[in-house]
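# Observations on the three-dimensional arrangement
One letter stands for each residue in the lines below.
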Amino acid sequence: MSFSRLFICTFVLLYVPYSVAAQQATEWKVQGLTNVGGDRFLGGGVGLALRTRGRMRVGFTLNAGDLEGQAAVRPELLGSFHLNPFKRQGVSPYAGGGVAVVHAKGYTREYIVGFLGIESRPGRSFGWFAEVGLGGGARLAAGLQWRNRRTRARLQAPG
């Protein structure tokens, strides 16, 4: 193993537990997801995300649905950067990326995912979201999300 790989692995093993412990909000979501133009997937799922004190969010979503006529699952591990996570009215944009895996009987494929999105009232306990991006074709997602409001109250912008 090269020195650079050893350094990266050590950094990840030391930093990830620290950063997860510093998470300040929990979010749950339900969504509809479609992928077109590549492997056609149509389904929906549930997700859980952790948001930092700042503008970052890391989440996992498990989607189930139809992959070109077969029952399939599509788990996604995504990170995102939010421009105004404390906004209490209106919408706020964000961008993100991550990885997804599509699995059906006799078929598994991995994808890199990139997306742009908007979310309503990110500083409140409930809102909707919509995303457009790429990951195995054109990726479209929309749904509802609930945020841990008790924790979010500590996240108010300074001032």
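The notes below deal with the structure included here. Computed from a prediction, not measured in an experiment: that's the story for all the values here. (Residues numbered from 1 in each chain as written. Predicted model: local features only at pLDDT ≥ 70, side-chain atom pairs only at ≥ 80, totals over all residues. Heavy atoms only, no water.)

Attention now moves to the overall build of the protein chain. Scanning the protein chain for helices and strands turns up two helices and eight strands. Shown N-terminal to C-terminal, the secondary structure of the protein chain runs as helices and strands in the order α-β-β-β-β-β-β-β-β-α. Across the 159 residues that make up the protein chain, the buried fraction comes to 36%. Counting contacts in the protein chain only where the partners sit at least 6 residues apart, residues at least 24 apart contribute 53% of the total. (Helix = DSSP H or I, 4+ residues; strand = E, 2+ residues; numbered from the N terminus. Buried < 20%, exposed > 50% of the residue type's maximum accessible area, 1.4 Å probe, protein only. Contact = heavy atoms within 4.5 Å.)

Here the focus is the nonpolar core. The biggest cluster of nonpolar side chains holds eight residues, and these are Leu33, Phe41, Leu67, Ala72, Val102, Ala104, Tyr111 and Ala141. Judged by nonpolar contacts, the second largest core, of six residues, contains Leu78, Tyr94, Val113 and Phe115. (Core = buried A, V, L, I, M, F, W, Y, C linked by side-chain atoms within 4.5 Å.)

The eight strands are arranged S1-S2-S3-S4-S5-S6-S7-S8 in a closed barrel whose pairing can be described as antiparallel. When strand polarity is set aside, the average angle formed by the axes of neighbouring strands in this sheet is 25°. By the bridge criterion, twelve bridges tie strand S3 (residues 56–67) to strand S4 (residues 70–82) in an arrangement that is antiparallel. Note on S4: the bridge partner recorded for Gly59 is Leu78. (Pairing = 2+ DSSP bridges. Axes fitted to C-alpha atoms, helices over the stretch in contact; angles between N-to-C directions.)

In this structure, Glu68 takes a positive phi of about 50° despite not being glycine. Positionally, Glu68 belongs in the loop between S3 and S4. In the Ramachandran plot, Arg121 falls in the positive-phi region, its phi being about 45° despite a non-glycine side chain. For Arg121, a relative accessible area of 30% gives the class partly exposed.

Structurally, Glu76 is set in strand S4. Within the structure, the side chain of Glu76 is placed 2.9 Å from the side chain of Arg74, a separation counted as a polar contact. Setting aside chain neighbours within four positions, we find Glu76 in contact with Gln31, Leu33, Gly59, Phe60, Thr61, Asn63, Val99, Ala100 and Arg139. (Polar contact = N/O pair within 3.5 Å; in protein donor to acceptor, adjacent residues only side chain to side chain.)

Now for the pattern of salt bridges. A complete count under the given rule lists eleven salt bridges for this structure. Where Arg57 meets Glu27, a salt bridge forms, and the shortest distance between an N and an O atom there is 2.7 Å. Placement of Arg57 in strand S3 and of Glu27 in strand S1 (residues 25–36) is noted, with a sequence separation of 30 residues between them. When sorted by exposure, Arg57 lands in the same class as Glu27, which is buried. Between Arg74 and Glu76 there is a salt bridge whose closest N-O contact spans 2.9 Å. A relative accessible area of 1% means that Arg74 is categorised as buried. (Salt bridge = Lys/Arg side-chain N within 4 Å of Asp/Glu carboxyl O.)

Shape is all these values report; function is a separate question.
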